[in-house]
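# Survey of secondary and tertiary structure
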Amino acid sequence: MKHDKILMAHGGGGQLTDSLIHDHILSRLGNEALSPLGDSALLSVGREKICFSTDSFVVKPLFFNGGDIGKLAVCGTVNDLAVAGAMPMALSLALIMEEGLEIAVLDRVLESIAATAKACGVSVVTGDTKTVEKGAADKLFINTAGIGLYPSGLNLGMDQIKAGDRILISGTIGDHGMTIMSEREEIRFQSPLASDCAPLNGLIQGLLDQCPGIRFMRDPTRGGVAATLNEISRATGLNVAIQEDAVPVTLTVRAAADMLGFDVLNIANEGKVVIVVDQAEAGACLKACQDHALGRQASIIGQVVKADSAPVVELVTKIGGKRIVQMPYGRELPRIC
Ligand code: MG
């Protein structure tokens, strides 16, 4: 379908985001570093390789249970570097502020940025501030970019994925998206929802040290696990088969998703990583994940299998039925990050 105006769904991380990127951006700007559409671009600088990534944050509300726009802005870019295999080194920070934004609110966000950057072991080394008139933005938008060192000898990528590989998720899914949505809709549950927003570089560094069989990683943010698995299936030409009862979901997230009519597989996460690992190392990788505070509820959720026809993501339901997991369309949850 052709659109002559940008819709909210163009920013949702699903099919429309995908067509925006391919038909409008890559067709004009595509190059060797950009076109693979990794979480980070891999660049050679002399003998070294670095990763470079950027992300903008427009989450509404600015503060939510488990995080805020500042924590999200640091974790988002740090995680995009980390899942690409890089050790995050330095960040940029750009603030777009609406006229009338309270300085106390800005200070609170900056305190959170400072604390999160410290926890990740990165510094903000360059930045920018812009103001726009009232109504031209909603309080505060943030952009961060980051660079990280890519270790020599590491070779991660979707092109490394083989039939038989196992798929791990580092913990429960849907926590971030359902928290934002329920706060925005002012829906309360008996046990509170909390965003999983967290920096993954420590967990991932440990995994890379212990599991040389890791082929590929991605943080399932916008579009959720469904988008990540569809990207894997499409890029490799292989099927992805997952077992519904192996996917960790808290009872509250499950209840919230059912009530609001969402598929948890489509919901954004901000502190989880999907890992594709050699079958022979899947158990060791799971154990290494569960040994880390951010990976306690890690689970092997499925495997990569040879496709007989067009590659698909298939879910085996709790009662043994099968359904295709589609690439989400993108209108599910606006301004989630
Ligand atoms: Mg990412």
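Residues numbered from 1 in each chain as written. Predicted model: local features only at pLDDT ≥ 70, side-chain atom pairs only at ≥ 80, totals over all residues. Heavy atoms only, no water.

A tally of helices and strands in the protein yields eight helices and 14 strands. Taking 337 residues into account, the globule formula puts the C-alpha radius of gyration at 20 Å, and the protein, at 19 Å, falls close to it. Residues classed as buried in the protein amount to 50% of the 337 residues present. Surface exposure of the protein reaches about 15900 Å², of which carbon and sulfur atoms provide 53%. Averaging the coordinates of the 30 positive side-chain charges in the protein and doing the same for the 38 negative ones gives two points 2 Å apart. (Helix = DSSP H or I, 4+ residues; strand = E, 2+ residues; numbered from the N terminus. Rg over C-alpha atoms; globule rule 2.2 N^0.38 Å. Buried < 20%, exposed > 50% of the residue type's maximum accessible area, 1.4 Å probe, protein only. Areas by Shrake-Rupley, 256 points an atom, 1.4 Å probe, with all protein chains shown as cover. Lys, Arg positive; Asp, Glu negative; His and termini not counted. Charge placed at Lys NZ, Arg CZ, Asp CG, Glu CD.)

On to the sheet that holds strand 1 (residues 41-45), then. Pairing in this open sheet of five strands is mixed, and the strands run 1-2-7-5-6 from one edge to the other. Only two strands of the sheet have a single partner each, and these edge strands are strand 1 and strand 6 (123-132). Going from strand to strand, the sheet's axes swing by 20° on average, the running direction of each strand aside. Bridge count between strand 5 (residues 87-98) and strand 7 (residues 140-150): 10 bridges; the pairing is antiparallel. In the sheet register, Pro88 faces strand 7, and the bridge partner there is Gly148. (Pairing = 2+ DSSP bridges. Axes fitted to C-alpha atoms, helices over the stretch in contact; angles between N-to-C directions.)

Attention now goes to the coordination of the magnesium ion. Protein coordination of the magnesium ion is provided by Asp39 (OD), Asp80 (OD) and Asp219 (OD), with donor distances spanning 2.1 to 2.2 Å. Read in sequence order, the donor residues coordinating the magnesium ion give the pattern D-x40-D-x138-D. Highlighted residues: Asp39 in the loop between helix 1 (15-29) and strand 1 and Asp80 in helix 2 (residues 69-83), separated in sequence by 41 residues. The buried category is assigned to Asp39, whose relative accessible area is 17%. (Donors = N, O, S within 2.8 Å, 3.2 Å for Na, K, Ca; no water.)

Here we take up the pairing of strand 9 (residues 214-218). For strand 9, a buried count of five out of five residues is recorded, marking the element as mostly surrounded by other parts of the structure. Where strand 9 and strand 11 (residues 274-277) come together, four bridges link them in antiparallel fashion. Note that in strand 11 the partner of Arg218 across the bridge is Val274.

Between its first and last C-alpha atoms helix 1 spans 20 Å; for 15 residues at 1.5 Å apiece the expected length is 21 Å, and the two agree. For helix 1, the principal kink sits at His22 and spans about 30°. Buried within helix 1 we find Leu16, Thr17, Asp18 and Leu26. (Expected span 1.5 Å × (residues − 1). Bend = angle between axes of the 7 residues up to and from the residue.)

Time to look at the nonpolar core. Residues Leu140, Ile142, Met178 and Leu229 are the most contacted members of the largest nonpolar core, which totals 63 residues. For this core, the element with the most residues is helix 2, which contributes six residues. Two domains each put at least three residues into this core: domain 1 (39-149) and domain 2 (158-324). Apart from residues no more than four positions distant in its own chain, Leu140 is found in contact with Phe57, Leu62, Ile69, Leu95, Ile96, Met97, Leu101, Leu106 and Val109. Judged by nonpolar contacts, the second largest core, of 26 residues, contains Ala86, Leu208, Val273 and Ala288. (Core = buried A, V, L, I, M, F, W, Y, C linked by side-chain atoms within 4.5 Å. Domains from an automatic or database assignment. Contact = heavy atoms within 4.5 Å.)

Read across the sheet, seven strands follow the order 9-11-8-12-10-13-14 without closing on themselves; strand pairing throughout is mixed. With one partner strand each, in any of the chains shown, strand 9 and strand 14 (322-324) form the two edges of the open sheet. The sheet shows a mean angle of 25° between the axes of neighbouring strands, direction not considered.

For the α-helix, the turn length of 3.6 residues means that residues three or four positions removed from each other point alike. Among the residues of helix 5 (residues 201-210), those classed as buried are Asn201, Leu203, Ile204, Leu207 and Leu208. Buried residues along helix 5 cover an arc of 155° about the axis, so they all sit on one side. Residues of helix 5 that are exposed and angled more than 90 degrees away from the buried face: Asp209 and Gln210. If you follow the buried residues of helix 5, they end up packed against helix 2, strand 5, helix 3 (103-120), strand 9, strand 11 and helix 8 (282-290). (Arc of directions from axis to C-beta.)

A few words now on a nonpolar patch on the surface. A contiguous nonpolar patch, built from Phe52, Met87, Met89, Ile147 and Leu149 and spanning about 410 Å² of accessible area, is present on the exposed surface. Relative to the helices and strands, Met89 is located in strand 5. (Patch = residues over 30% accessible without salt bridge, like charges linked within 9 Å, V, L, I, M, F, W, Y side chains within 5 Å. Salt bridge = Lys/Arg side-chain N within 4 Å of Asp/Glu carboxyl O.)

On to the packing of aromatic side chains, then. Applying the stated criterion to the full structure yields zero aromatic pairs. If you follow Arg108 out to its NZ or CZ, it ends over the ring of Phe63, 3.7 Å from the centre. (Phe/Tyr/Trp six-rings, centres within 6.5 Å; stacked < 30°, edge-to-face > 60°. Lys NZ or Arg CZ within 6 Å of the ring centre and 35° of its normal.)

Here the focus is the domain arrangement of the protein. Assigned domains of the protein: these are domain 1 (39-149) and domain 2 (158-324). Placing the centre of domain 1 and that of domain 2 at their C-alpha centroids yields a distance of 24 Å. Of the roughly 1800 Å² buried between domain 1 and domain 2, counting both surfaces, carbon and sulfur atoms make up 58%. Counting the surface domain 1 buries against domain 2, the share from its top three residues, Asn65, Asn79 and Val83, is 30%. For the pair domain 1 and domain 2, the number of links is one salt bridge. We note a salt bridge from Arg218 to Asp39, for which the minimum N-O separation is 3.0 Å. Between the two partners, domain 1 and domain 2, sit 10 residue pairs in polar contact (both at pLDDT 80 or more). If you list the elements that add at least two residues to the side of domain 1 that touches domain 2, you get strand 3 (63-64), helix 2 and strand 5. (Buried area = accessible area lost by both parts, 1.4 Å probe. Polar contact = N/O pair within 3.5 Å; in protein donor to acceptor, adjacent residues only side chain to side chain.)

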